[in-house]
Amino acid sequence: MAGAPSIEEVIEDFNVLKCMQCGVCSGSCPSGRQASLNVRRLVRKIGRDHAAISDESLWMCTTCYNCQERCPRGIAIVDAILAVRSIAAHEGLILERHRQVANLLQEHGHAVPIDDAHKEKRMQLGLNSLPSTVHSHPDDLKDVKLLLASCGFGDITGGKE
Ligand code: SF4
Ligand code: SF4
């Protein structure tokens, strides 16, 4: 299983301590307008406090990269968030709803498996009812499962393999 970095490596590798708390990141964060994510505070927490790994707002980022592109200090904000998520997941700190999504991925090869309503919508748009993925090629699902098992995905997410 691939390991996670340490919090010290994240702070060093992504220049987290260069943050001057200007708030440009929070001001450009669409998730912050909808969820309990304050990315400026989260960056400060990652830099100062190991408890960042258990902060639920860690999982509210959609990885749109708006903040990272605008940060005047060139901090790799999203890369740091993803790395801290990796640490959290390796420590079993993953939200239950994300664990459920991980289980769906392992079972169906899709985080959001297709249903009849979406098949119908696809056909209305002139598409095949099924996307050209394991939904259309179910024999390949075993390869997806093998790939996930080979990187310890189920162990990390606490789901099935
Ligand atoms: S934009 Fe960059 S420097 Fe400003 S608060 Fe956010 S992370 Fe810190
Ligand atoms: S990448 Fe995440 S934290 Fe940054 S602006 Fe987008 S949602 Fe907000």
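Bear in mind the structure is a predicted one, so any value in this text is a computation, not a measurement.

Caption draft 1: Geometry of the site of ligand 2. Around ligand 2 sit 14 residues, and of these Cys 29, Cys 61, Cys 64, Tyr 65 and Cys 67 come closest. Among the residues forming the shell around ligand 2, the class breakdown is nine nonpolar, five polar and no charged.

Caption draft 2: Spatial organisation of the domain arrangement of the protein. Here the protein is partitioned into domain 1 (7-91) and domain 2 (96-157). Using only C-alpha atoms to locate each centre, domain 1 and domain 2 end up separated by 29 Å.

Caption draft 3: Here's a closer look at the site of ligand 1. As a matter of local geometry, ligand 1 sits amid 13 residues, with Cys 19, Cys 22, Gly 23, Cys 25 and Cys 71 nearest to it. Here the shell around ligand 1 is built from residues that sort into nine nonpolar, two polar and two charged.

Caption draft 4: Representation of unusual backbone geometry within the structure. Located in the positive-phi region is Asn 15, a residue other than glycine, with phi close to 55°. Structurally, Asn 15 can be placed in the loop between helix 1 (7-13) and helix 2 (24-27). Under the relative-accessibility criterion, Asn 15 is labelled partly exposed at 31%. Located in the positive-phi region is Thr 63, a residue other than glycine, with phi close to 60°. With respect to the helices, strands and loops of the structure, Thr 63 is situated in the loop between helix 3 (39-48) and helix 4 (66-70). By relative accessible area, Thr 63 is classed as partly exposed at 30%.

Caption draft 5: Just helix 5 (residues 77-90), in detail. Between its first and last C-alpha atoms helix 5 spans 20 Å; for 14 residues at 1.5 Å apiece the expected length is 20 Å, and the two agree. Summarising burial for helix 5: ten of the 14 residues are buried, a large majority. For helix 5, every residue scored as buried is listed here: Ile 77, Val 78, Ala 80, Ile 81, Ala 83, Val 84, Arg 85, Ile 87, Ala 88 and Ala 89. In this fold, the buried residues of helix 5 make contact with helix 1, helix 2, helix 3, helix 4 and helix 9 (153-157). Of the residues trailing helix 5, Gly 92 is marked for its positive phi of about 80°.

Caption draft 6: Examining the environment of Trp 59 more closely. Inspection of the secondary structure puts Trp 59 in the loop between helix 3 and helix 4. Sequence separation between Trp 59 and Ser 36 is 23 residues, and the spatial gap between their C-alpha atoms is 9.9 Å. With near-sequence residues (within four places) excluded, Trp 59 lies in contact with Arg 85, Ala 88, Leu 93, Ile 94, Leu 95 and His 98.

Caption draft 7: Quick peek at the pattern of salt bridges. Summed over the entire model, instances satisfying the criterion amount to three salt bridges. Note that Arg 99 is salt-bridged to Glu 96, the shortest N-O span being 3.4 Å. Here Arg 99 pairs with Glu 96, and both are found in helix 6 (residues 96-108), just three residues apart, close to one helical turn. On the accessibility criterion, Arg 99 (18% relative accessible area) is buried.

What counts and how
- Residue positions are counted from 1 within each chain, in the order its sequence is given.
- Starting at A for chains and at 1 for ligands, labels are handed out in the order in which the entities are written.
- A pLDDT threshold of at least 70 governs which residues receive local features in this predicted model, and a stricter bar of 80 or more applies before side-chain atom pairs are shown or counted, although totals over entire chains, interfaces and linings include all residues.
- Note that water and hydrogens are dropped before the side-chain values are worked out from all heavy atoms of the structure.
- One heavy atom suffices: a residue is near a molecule or strand as soon as one of its heavy atoms comes within 4 Å of it.
- The nonpolar class holds Ala, Val, Leu, Ile, Met, Phe, Trp, Tyr, Cys and Pro. Asp, Glu, Lys and Arg form the charged class, and all remaining residues, Gly among them, are polar.
- Each domain's limits were defined by an automated method or a database of domain assignments.
- Here a strand is any run of E in DSSP of at least two residues, a helix any run of H or I of at least four, and the numbering for each starts at the N terminus.
- Three labels apply to residues, based on accessible area from a 1.4 Å probe with only protein chains included: buried if under 20% of the type maximum, exposed if over 50%, partly exposed otherwise in between.
- An expected span of 1.5 Å times one less than the residue number is assigned to each helix.
- Only heavy atoms matter for contacts: two residues are in contact if any of them lie within 4.5 Å across the pair.
- Salt bridges are defined as contacts in which a side-chain nitrogen from Lys or Arg sits within 4 Å of a carboxyl oxygen from Asp or Glu.

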